[in-house]
Amino acid sequence: DLDAVTMQKLGVDTIQINTGGACHLDSPLVKKAIENLDFEENSIVFIENIGNLVCPAEFSIGEHVKMLISTVTEGSDKPYKYPLAFEKADIIILNKVDLIPYVDFNEKFFTDGVRALNKKAPLVHCSSKTGEGFEKVAAWLEAKAVVDLIG
């Protein structure tokens, strides 16, 4: 529960879901967990699925948006290894971009792989350390929420 505790210290309501040994979340587990949340108007619920990029991509867990986060430290080959996850993503975040000068990451290879699988999803470069890119992600989420409310 390290991540949950970190989020709670930041004042974010957090629920730890135990999968009972399964390799990913499923919709009944998520439904049961969010029944205990007290939502404020215009709330957004983030569900961090577990495991690798294979299993979570294959199953719906009741989400409205699939946000895929890949990091430069994981390597530039991820779109080629996990095509379904990149195909289904509504937005793709490339995190830790501040480390590109220090790791073996081929940005063109990564981007070409992403675009071969998914031409529509925004690809946003972010850095959790510097905050770069997160204003773009927040703006995209806000716009997406407005579109979903309007229908």
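Presented here is an overview of the structure given in this document.

Analysis parameters
- Here, residues in each chain are numbered from 1, in the same order as that chain's written sequence.
- Selection of residues for local features in this predicted model requires a pLDDT of at least 70, selection of side-chain atom pairs for listing and counting requires 80 or more, and totals for whole chains, interfaces and linings are taken over all residues.
- Hydrogens and water molecules were not included; the side-chain quantities draw on all heavy atoms of the structure.
- Any two strands are treated as partners once DSSP identifies two or more bridges connecting them.
- Only runs of H or I of at least four residues qualify as helices and only runs of E of at least two qualify as strands under DSSP, and these elements are numbered from the N terminus.
- Under this scheme, a helix contributes an axis fitted over its contacting stretch, all axes are lines through C-alpha atoms, and angles between N-to-C directions fall in the 0 to 180 degree range.
- Contacts between residues were defined by any pair of non-hydrogen atoms, one from each residue, lying within 4.5 Å.
- Pairs were defined over the aromatic rings of Phe, Tyr and Trp, the Trp ring being its six-membered one, requiring ring centres within 6.5 Å. Orientation was assigned from the angle between planes: stacked under 30 degrees, edge-to-face over 60, tilted for the rest.
- Put simply, a salt bridge is a Lys or Arg side-chain nitrogen that is within 4 Å of an Asp or Glu carboxyl oxygen.
- Working definition: with a 1.4 Å probe on protein chains only, accessible area under 20% of the residue-type maximum means buried, over 50% means exposed, and in between means partly exposed.

**Let's talk about the sheet that holds strand S2 (residues 91-95)**
1) Next: Strand order in this open sheet of three strands is S1-S2-S3, and the pairing throughout is parallel. Only two strands of the sheet have a single partner each, and these edge strands are strand S1 (67-71) and strand S3 (123-125). Pairs of neighbouring strands in the sheet enclose a mean axial angle of 20°, with direction left out of account.
2) Next: Sheet contacts for helix H6 (residues 107-117): S1, S2 and S3; angle to S3, the most-contacted strand, approximately 155°.

**A short note on the packing of aromatic side chains**
1) Next: Enumeration according to the criterion identifies three aromatic pairs in this entry.
2) Next: Ring geometry for Tyr-80 and Phe-109: centres 4.2 Å apart, planes at 15°, overall stacked. Placement of the pair is Tyr-80 in helix H4 (residues 78-81) and Phe-109 in helix H6, with a sequence separation of 29 residues.
3) Next: Between the aromatic rings of Phe-86 and Phe-110, the centroid separation amounts to 6.0 Å while the plane-to-plane angle is 80°, which identifies the pairing as edge-to-face. Residue Phe-86 is found in helix H5 (residues 83-88), and its partner Phe-110 is found in helix H6; the two are separated by 24 residues along the sequence.

**Section: the pattern of salt bridges**
Once the charged atoms of two side chains with opposite charge are near each other, the side chains can pair.
1) Next: Here the structure, examined in full by the defined rule, presents five salt bridges.
2) Next: Asp-112 is the partner of Lys-108 in a salt bridge, and the nearest nitrogen-oxygen pair spans 2.7 Å. Of this pair, Lys-108 and Asp-112 are both found in helix H6, four residues apart, which corresponds to roughly one turn of the helix.
3) Next: Look at Lys-108 and you get exposed, because its relative accessible area is 57%.
4) Next: For Asp-112, a relative accessible area of 38% puts it in the partly exposed group.
5) Next: In this structure, a network of salt bridges that share partners links the residues Asp-77, Lys-78 and Lys-81.

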